[in-house]
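Structure at a glance
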Amino acid sequence: MGTGRERLSVAIIGCGAWGANLARCFAELGALKAVADRSADRATVLAAKHDCADGTPESVILDPAIDALAIATPPSSHYALAAAGLERGKHVLVEKPLTLHRPESEALARDAEARGRVLMVGHILRYHPAFEALLHLVRDGALGELRRIHASRLNLGAIRREEDALWCLAPHAVSMLLALAGEMPEHVEGFDEKVLGREPADAAAVRLGFPSGLSAMIQVSWLHPVKEHRLSVIGSKAMAVFDDTKPWEEKLVLCRHQIGDDLAIARGDPEPVPLEPGEPLKAECRHFLDSITTGATPLTDAREALAVMDVLARAEAAIRETRTALVP
């Protein structure tokens, strides 16, 4: 295995839209060695674009010249590919969710630890400059005591067949919420909607209650007329909004609104928080490479992935209970 950034060789498994994005980022970081896909044509086209090798998932997993894998395939295939990669001594980056079943994710986490390999999940928004700045504001006490967080991830398109809107869109929100809260929720409620009248559900809403008294709401849907990727954080001293649809100078704003004892509201003008623009996916890929070379634990490691999965599983169970209660 390589001991320096320049010596690391990464193979992308899955040459769809997101795999192509990963290939571009690792190529720009000088680490792309190969791309692989069940479709030979798709792999050949992407390999030609980046002047790298192409192959099948099996061939790159078996290739001793490959140090690490980045898996961007349908979630049902994540476990088998990641397990095979770890068995061959590869470091592994897996797009969210890590797997669709907790026992499989636990098995991958144990295997990676036993083999001393990096296992990281692609919770990309944890690497967004605006979220990093928001997290710093929260941890620095600029917002005061956190009281409520509202996360929305709504758009039109990317309708899935394997996972529902909860598992497809909510992992990003849950990952950010857990980082901001610094604790796991003790109460989880939820409901979903099959707007198209078939499985899987196209929209979901989840309410979380935390031991500290913080409450949070997550809304997700792939059947929404306009794109809305927003995270609003309400604290005792100030409020902040991370809106990823805005230009860089407006992506994160601080609002020093105050509510008096008489419930009168004193509004503060929105204050843009200065950010250094940067591509979150490239930052995520760079973090993966750095974790391999330094031996540091990734920010979004298997433990973090399991925490996110726990919240999603509890939300899924709450949604089932809600469905049952609504049946006449």
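Below is a summary of the structure that appears in this document. (Residues numbered from 1 in each chain as written. Predicted model: local features only at pLDDT ≥ 70, side-chain atom pairs only at ≥ 80, totals over all residues. Heavy atoms only, no water.)

Attention now moves to the overall build of the chain. Helix and strand counts for the chain come out as nine helices and 16 strands. Its C-alpha radius of gyration of 21 Å places the chain within 12% of the 20 Å reference for a compact globule of 328 residues. With the principal axes as the frame, the chain shows a C-alpha extent of 70 × 50 × 40 Å. Taken over 328 residues, the chain has a buried fraction of 52%. Surface exposure of the chain reaches about 15,300 Å², of which carbon and sulfur atoms provide 52%. Distance between charge centroids for the chain: 1 Å, based on 37 positive and 46 negative side chains. (Helix = DSSP H or I, 4+ residues; strand = E, 2+ residues; numbered from the N terminus. Rg over C-alpha atoms; globule rule 2.2 N^0.38 Å. Buried < 20%, exposed > 50% of the residue type's maximum accessible area, 1.4 Å probe, protein only. Areas by Shrake-Rupley, 256 points an atom, 1.4 Å probe, with all protein chains shown as cover. Lys, Arg positive; Asp, Glu negative; His and termini not counted. Charge placed at Lys NZ, Arg CZ, Asp CG, Glu CD.)

Before going further, it helps to spend a moment on the sheet that holds strand β1 (residues 10–13). With parallel pairing, six strands are arranged side by side in an open sheet as β3-β2-β1-β4-β5-β6. The open sheet has two edge strands with one neighbour each: β3 (53–55) and β6 (119–122). Going across the sheet, the axis of each strand differs from the next one's by a mean of 20 degrees, ignoring polarity. By the bridge criterion, four bridges tie β1 to strand β2 (residues 32–36) in an arrangement that is parallel. Bridged to Val-10 within β2 is Leu-32. Along the sheet, helix α8 (residues 280–294) contacts β1, β4 (68–71), β5 (91–95) and β6; its crossing angle with β5, the most-contacted strand, is approximately 155 degrees. (Pairing = 2+ DSSP bridges. Axes fitted to C-alpha atoms, helices over the stretch in contact; angles between N-to-C directions. Contact = heavy atoms within 4.5 Å.)

For Thr-322, the position within the fold is in helix α9 (residues 302–326). Sequence separation between Thr-322 and Phe-191 is 131 residues, and the spatial gap between their C-alpha atoms is 6.1 Å. Apart from the residues lying within four places of it in its own chain, the contact partners of Thr-322 are Gly-190 and Phe-191.

Now for α8. If you check α8, its first and last C-alpha atoms are 20 Å apart, about what 15 residues at 1.5 Å a residue would give, namely 21 Å. Within the sequence span of α8, burial applies to Pro-280, Leu-281, Glu-284, Cys-285, Phe-288, Leu-289, Ser-291 and Ile-292. Each element contacted by the buried residues of α8 is listed here: β1, α1 (17–28), β4, β5, β6 and α6 (129–139). Downstream of α8 by one or two residues, Gly-295 has phi in the positive range, about 80 degrees. (Expected span 1.5 Å × (residues − 1).)

Scanning the entire structure with this criterion turns up one aromatic pair. A ring pair is formed by Phe-26 and Phe-288, whose centres lie 6.3 Å apart and whose planes are at 75 degrees; its orientation type is edge-to-face. Of this pair, Phe-26 sits in helix α1 while Phe-288 sits in helix α8, and the two are 262 residues apart along the sequence. Note that Lys-251 overlies the ring of Trp-248, its terminal NZ or CZ placed 5.2 Å from the centroid. (Phe/Tyr/Trp six-rings, centres within 6.5 Å; stacked < 30°, edge-to-face > 60°. Lys NZ or Arg CZ within 6 Å of the ring centre and 35° of its normal.)

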